[in-house]
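# Examination of the molecular architecture
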Amino acid sequence: MDTNLDISTVLAFGFALAVIIVIIKTARIVPQRSNFVIERLGKYSRTLDSGFHILIPFIDKVAYIQTLKEEVIDVDRQACVTKDNIQVGINGVLYIQVIDAYKASYGINDYRYAASQLAQTTMRSVIGQTDLDKTFEERAAINEEVVKALDEAASPWGIKVLRYEISDIELPASIKDALEQQMRAERERRAAIAKSEGERQAMINVSEGNRQEVINLSEAEKQKQINEAEGRAREIELIAEATAEGLRKIANAISEPGGKDAVNLRVAEQYVKEFGNLAKTNNTMIIPAELANIGGAVAGITEVLKQTQSRS
């Protein structure tokens, strides 16, 4: 009785295990952004997209599991020789994506390794056509050339090359020293040019200042002369106006009663005064031949005043 029970238990356990195996072999859940490649009796059958699927146990099997997500592959450092025969070490990063699970499974054994090796050979080819200076200046163009070449070669593998980025460029020590010396010389040259430009600008500013100063001084001297000339002209004008006004007043005074006698007296006084001054400044005494000439001089001056009065 116990023996029969043990056999039944083993059979039940074996049956349950078989059912579990069948379920595992039959039911498959494909994750999002993944593809399962199914082979039936060793031959390609179909590609399963994300979701729940039923397989035929022991006949269908999942041969390959491919992810459709973007993958990042580190491209190992490699030695490349530039167009001007300088050896540099370059490593990069490659971005690829599976777009056809069938081709990625049967088109090549290992598309990741193949893409990495192809990126290295393509990079050596592109760097060999580029000068050392251009490898730094045209890094984006080099990346585009590598992507273009890789994409064409990887098309039969069912993968899409999205991007390639040069992550580092290692130069030999001697080239680094030469570039550093070149950069120092360039910086010194720029500093010398900047200094000379500053000195030149300073000299120009000083000369412009001196020129402006001379112009300002000449303008000031010109204005000074104009002001002095206008002042002298105004002075002459005022003196002339004062003299004319004085003569008019004298003429008016002469026309009044007793004016002529006053003029005669004034003229006689001035005559005698000047005659006295003349006698003081000379050792020789000058006396008119006739004292009556004093009266004649006074009469002549009086006649001039009369004529002046008649003209006014």
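Quick look at the structure, then. (Residues numbered from 1 in each chain as written. Predicted model: local features only at pLDDT ≥ 70, side-chain atom pairs only at ≥ 80, totals over all residues. Heavy atoms only, no water.)

### Considerations on the packing of aromatic side chains
All told, the structure shown has four aromatic pairs when counted by the stated rule. Ring centres of Tyr 44 and Tyr 106 lie 5.9 Å apart, and the angle between their planes is 80°; this geometry places the pair in the edge-to-face category. Taken together, the residues span a long stretch of sequence, with Tyr 44 in strand β3 (residues 43-48) and Tyr 106 in helix α2 (residues 101-106) at a distance of 62 residues. Taking the relative accessible area as the measure of exposure, Tyr 44 reaches 32% and is therefore partly exposed. Here the aromatic residues Tyr 44, Tyr 64, Tyr 102 and Tyr 106 are joined through ring pairs into a cluster of three or more. Above the plane of the ring of Tyr 95 lies Arg 163, whose end atom (NZ or CZ) is 4.3 Å from the centre. (Phe/Tyr/Trp six-rings, centres within 6.5 Å; stacked < 30°, edge-to-face > 60°. Helix = DSSP H or I, 4+ residues; strand = E, 2+ residues; numbered from the N terminus. Buried < 20%, exposed > 50% of the residue type's maximum accessible area, 1.4 Å probe, protein only. Lys NZ or Arg CZ within 6 Å of the ring centre and 35° of its normal.)

### Thoughts on the sheet that holds β3
In spatial order, the strands read β3-β2-β5; together these three strands make up an open sheet with antiparallel pairing. A single partner strand is all that each edge strand has here, and the edge strands are β3 and β5 (60-67). The mean inter-strand angle of the sheet, taken between neighbouring strand axes irrespective of direction, is 25°. (Pairing = 2+ DSSP bridges. Axes fitted to C-alpha atoms, helices over the stretch in contact; angles between N-to-C directions.)

### Comments concerning the packing of helix α3 (residues 111-128) against helix α5 (residues 139-154)
Between α3 and α5, the shortest axis-to-axis distance is 9 Å and the interhelical angle comes to 135°. Taken together, the axis directions place α3 and α5 in an arrangement best described as oblique. Considering how the two elements wind past one another, α3 and α5 form a crossing that is right-handed. Residues Ala 115, Leu 118, Ala 119, Thr 122, Met 123, Val 126 and Ile 127 of α3 touch α5, and the partners they reach there are Ile 142, Glu 145, Val 146, Ala 149, Leu 150 and Ala 153. (Parallel < 35°, antiparallel > 145°, perpendicular 65-115°, else oblique. Left-handed = near helix turned anticlockwise from the far one by under 90°. Contact = heavy atoms within 4.5 Å.)

### Topic: α3
Taking 1.5 Å per residue as the helical rise, α3 with its 18 residues ought to reach 26 Å, and the 25 Å between its terminal C-alpha atoms agrees with that figure. If you check which residues of α3 are buried, you get Tyr 111, Ala 114, Ala 115, Ser 116, Leu 118, Ala 119, Gln 120, Thr 122, Met 123, Val 126 and Ile 127. (Expected span 1.5 Å × (residues − 1).)

### Observations concerning the sheet that holds strand β6 (residues 70-81)
Strand order in the open sheet made by the three strands is β6-β7-β8, with antiparallel pairing throughout. Each edge of the open sheet carries a strand with a single partner, namely β6 and β8 (159-170). On average, each strand axis in the sheet is tilted by 20° relative to the strand beside it, whichever way the strands run. Of the strand pairs in this sheet, β6 and strand β7 (residues 87-98) are connected by 10 bridges, and their pairing is antiparallel. What sits directly across from Glu 70, in β7, is Gln 97. Packing of α3 onto the sheet brings it into contact with β6, β7 and β8, and relative to β6 it is tilted by some 40°. Packed on one face of the sheet, α5 meets β7 and β8 and runs near 145° to β8.

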